[in-house]
Protein chains: 2
Amino acid sequence: MKLYLAGPDVFLPDATAIGKIKQRLCAKYGFVGLFPLDNEARPAPGLLLAQAIFRGNIRMMHDADAIVANLTPFRGASADVGTAFEIGYGFSSGKKVFGYTNLRAGYLDRIQQLTSGSLNLGPDGRKYAADGFAVEDFGLFDNLMIVEALLEHGSEVVVPSKDATDPARDMTTFEECLRRISAPAMAPARSRRTSSAT
Amino acid sequence: MKLYLAGPDVFLPDATAIGKIKQRLCAKYGFVGLFPLDNEARPAPGLLLAQAIFRGNIRMMHDADAIVANLTPFRGASADVGTAFEIGYGFSSGKKVFGYTNLRAGYLDRIQQLTSGSLNLGPDGRKYAADGFAVEDFGLFDNLMIVEALLEHGSEVVVPSKDATDPARDMTTFEECLRRISAPAMAPARSRRTSSAT
C-alpha cells in the first residue's frame, strides 16, 4: 500500500531528511511512503518549476493508494492549503485520507487566538470570531471539508496527548496514524470528535 | 454552465444575501451560480450537520461544470482551507477552476507580514520566512497547488487594481472573473503571474 505523505514538511530546510524518516516509518508498518520533495523537482524542458512540481505531485497522488496528511496548523488557524488541496484531490480520486496534527489546540481555540478575541453568538445561531466570520462549531479539528473527508472513510484526525516539543518534526502522531492504518480498530459508533494518540 | 461558488463567503453573517448577489451576477453572464449555504443545510435523519453540509457541497460540485473560488486570504496568509479542498476536489473531477481575490498583497508579502519578519535565503536556494519554513517564490498568488490548478486550464487569479474597501463583500473581481469565463481572452503565451482586473 502506497501512502502519499501530504503536509507542509516540504517547506522545512531539512525536508529531505524528514522525508526519509517518514518513509522509514512507513516501511516499518509495511507501507511505501511517497514524499513530494518540492526542492528536488527538476522541470522537463518547456515546463516551469511550479508547473513541474504541481504535475509531479498530481502524478504521485495517482500512484498512491491513500493520503496521509499533516494537518498541524500552518501559517494561520488551519492546515496548509496545499495539503487541503491534496486532501480534496485524493478524496475525489477515491483514495482514503488519513490525518494527524502535532499541536493539540482545538479549532475554536485556534481561531480565538488568531483573531485576538472571543467568540460571540450570532442571531443565526452560529458563533462568530472577532474577524466577523462564523466559526464552525462541530467539534472537528479543522474546517469540516477537511475533517469530513477523513470521516467518510471512518478515519479521525490523530491528535497528540500533549503538544510536540518540535511540532514541525515530531513523528509521534504520524507514527500513530500509520499504526492505525495498519491495524484499524474495531470501529464503535462513528465518533465525531478528534481522537487522542494515547 | 453551472458554477460552484467556493469561498469563505459562507461564514459571513449575511451569507444568504451575498449568495444571492453572486447568483444574480452569474445570471447576468449567462451562468447558474451554485452557492453552498452552510447555514441552511438540514441533515437528513441519521446524518449529523457537518456530514450533511459536506455531502451537500460534494453533490453540488458534481452538479457544477466549473469552480469559481474566492481566494481572498482568510485567517492566515492563504485561501480558506475549505476552498482549497474544493479546488482540489473540483480539479480532480475534471472541472475547470477559476479564482479571484479582493486583496492585492502578494504571497511573499503576506507571509512576511504574518510571520513578522523578512525572508532569508537558505543554503538550498529557497527563501525562508521567520517561522523557519520556506516560501514558494514562483510569482504565484498563493501556494502553487492552488494556482497551478487554475493555470492548467489557462486561467489566472484575478487580482484587483486596488484593495477592496470591504474585501469580504466586494464583487468587482468576482464579476471580472465571470466576465473572463464568459468571454475568454485570446490567450498569449501562458503568463505565470497573477493578472490585474483593470
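Just above sits the structure.
Report on the accompanying structure. (Residues numbered from 1 in each chain as written. Chains lettered and ligands numbered in written order. Predicted model: local features only at pLDDT ≥ 70, side-chain atom pairs only at ≥ 80, totals over all residues. Heavy atoms only, no water.)

Some words on the packing of helix H3 (residues 81-92) of chain A against helix H3 (residues 81-92) of chain B
Packed helix pairs are specified by the crossing angle of their axes together with the interaxial distance, meaning the distance between the axes. The condition is simple: Every angle, taken between N-to-C directions, lies between 0 and 180 degrees, and every axis is a line fitted to C-alpha atoms, over only the stretch in contact when it is a helix. Numbering of helices and strands starts at the N terminus; helices are DSSP runs of H or I of at least 4 residues and strands are runs of E of at least 2. For classification purposes, angles smaller than 35 degrees are called roughly parallel, those larger than 145 roughly antiparallel, those between 65 and 115 roughly perpendicular, and all remaining angles oblique. Here a crossing is called left-handed whenever its near helix is offset anticlockwise from the far helix by less than a right angle, and right-handed whenever the offset is clockwise. Whether two residues are in contact is decided by their heavy atoms: any pair within 4.5 Å suffices.
Interhelical geometry of H3 of chain A versus H3 of chain B gives an angle of 40° and a closest axis separation of 7 Å. Looking at the two axes, H3 of chain A sits oblique to H3 of chain B. For H3 of chain A against H3 of chain B, the interelement crossing comes out right-handed. Counted together, Val 81, Ala 84, Phe 85, Ile 87, Gly 88, Tyr 89, Phe 91 and Ser 92 of chain A of H3 of chain A and Val 81, Ala 84, Phe 85, Ile 87, Gly 88, Tyr 89, Phe 91 and Ser 92 of chain B of H3 of chain B form the full contact between these two elements.

Digging into the sheet that holds strand E7 (residues 134-135) of chain B
Residue and element names in this part refer to chain B. This is how the line gets drawn: Two strands are counted as paired when DSSP detects at least two bridges linking them.
Strand order across the open sheet formed by three strands is E5-E6-E7, with antiparallel pairing between neighbours. Across the chains shown, the open sheet's two edge strands, defined by having one partner strand only, are strand E5 (120-121) and E7. As defined by bridge partners, strand E6 (residues 127-128) adjoins E7 across two bridges and the pair is classed as antiparallel. Bridge pairing in E7 places Lys 127 opposite Val 135.

Here's the deal with the pattern of salt bridges
Threshold: The salt bridge definition used is simple: a Lys or Arg side-chain nitrogen within 4 Å of an Asp or Glu carboxyl oxygen. The buried label goes to any residue with under 20% of its type's maximum accessible area, the exposed label to any with over 50%, and the partly exposed label to all in between, with areas taken from a 1.4 Å probe on protein chains only.
According to the stated counting rule, one finds 24 salt bridges over all chains in the structure shown. Arg 55 of chain A is paired through a salt bridge with Glu 152 of chain B; the nearest N and O atoms lie 2.9 Å apart. Residue Arg 55 of chain A is located in helix H2 (residues 49-63), and its partner Glu 152 of chain B is located in the loop between helix H5 (144-151) and strand E8 (158-159); the two belong to separate chains. Residue Arg 55 of chain A is classed as partly exposed on the basis of its relative accessible area, which comes to 32%. Judged by its relative accessible area of 25%, Glu 152 of chain B falls in the partly exposed class. Taking the shortest distance from any N to any O, the salt bridge between Arg 169 of chain B and Asp 14 of chain B comes out at 2.7 Å. One end of the pair, Arg 169 of chain B, is in the loop between E8 and helix H6 (172-182); the other, Asp 14 of chain B, is in the loop between strand E1 (2-6) and helix H1 (15-28), and 155 residues separate them in sequence. Residue Arg 169 of chain B is classed as partly exposed on the basis of its relative accessible area, which comes to 27%. By relative accessible area, Asp 14 of chain B is classed as partly exposed at 27%.

So, the relation of the copies chain B and chain A
Threshold: For this overlay, a least-squares fit was computed on C-alpha atoms, restricted to residues scoring pLDDT of at least 70 in both copies.
The two copies are related by a screw motion: chain B maps onto chain A through a turn of 180° and a shift of 0.0 Å along the axis, at an RMSD of 0.0 Å. Taken together, the turn and the small shift mark the pair as related by a two-fold rotation axis. Taken together, the interface assignments show that 100% of the residues at the interface of chain B recur at the interface of chain A, consistent with an identical surface on both copies.

Describing helix H1 (residues 15-28) of chain A
Residue and element names in this part refer to chain A. So the rule is basically this: Every helix has an expected span of 1.5 Å times one less than the residues it contains. Directions drawn from the helix axis to the C-beta atoms are what define this arc.
When the terminal C-alpha atoms of H1 are compared, their 20 Å separation across 14 residues agrees well with the 20 Å that a helix rising 1.5 Å per residue should span. Those residues of H1 that sit buried are Ala 15, Ile 18, Gly 19, Lys 22, Leu 25 and Cys 26. One face of H1 carries all of its buried residues, which in axial projection span an arc of 125°. Of the exposed residues in H1, those oriented more than 90 degrees away from the buried face are Arg 24, Ala 27 and Lys 28. Along its buried surface, H1 packs onto strand E1 (2-6), strand E2 (32-34), strand E3 (66-70), strand E4 (96-100) and helix H6 (172-182). With its phi angle positive at about 85°, Gly 30 sits one or two positions after the end of H1.

Overview of unusual backbone geometry
Working note: non-glycine residues mostly have negative phi, and peptide bonds are mostly trans. Residue and element names in this part refer to chain B. Even without glycine at this site, Arg 75 takes up a positive phi of about 50°. Counting through the fold element by element, Arg 75 comes out in the loop between strand E3 (66-70) and H3. When its relative accessible area of 12% is taken as the criterion, Arg 75 is described as buried.

As for the interface of chain B and chain A
Put simply, the rule is: What counts as buried area is the accessible surface, traced by a 1.4 Å probe, that two parts surrender upon association, with contributions from both included. Nitrogen and oxygen atoms within 3.5 Å of one another constitute a polar contact, given that in protein one can donate a hydrogen and the other can accept it, and given that sequence-neighbouring residues count only through two side-chain atoms.
Taken together, the 61 residues of chain B in the interface contact 61 residues of chain A. Taken over both partners, the interface formed by chain B and chain A buries close to 4,700 Å², and the fraction arising from carbon and sulfur atoms is 67%. Remark: the boundary between chain B and chain A carries four salt bridges. Its salt-bridge partner being Arg 75 of chain A, residue Asp 131 of chain B comes within 2.7 Å of it at the nearest N-O pair. Linking chain B to chain A there are 21 residue pairs in polar contact (both at pLDDT 80 or more).

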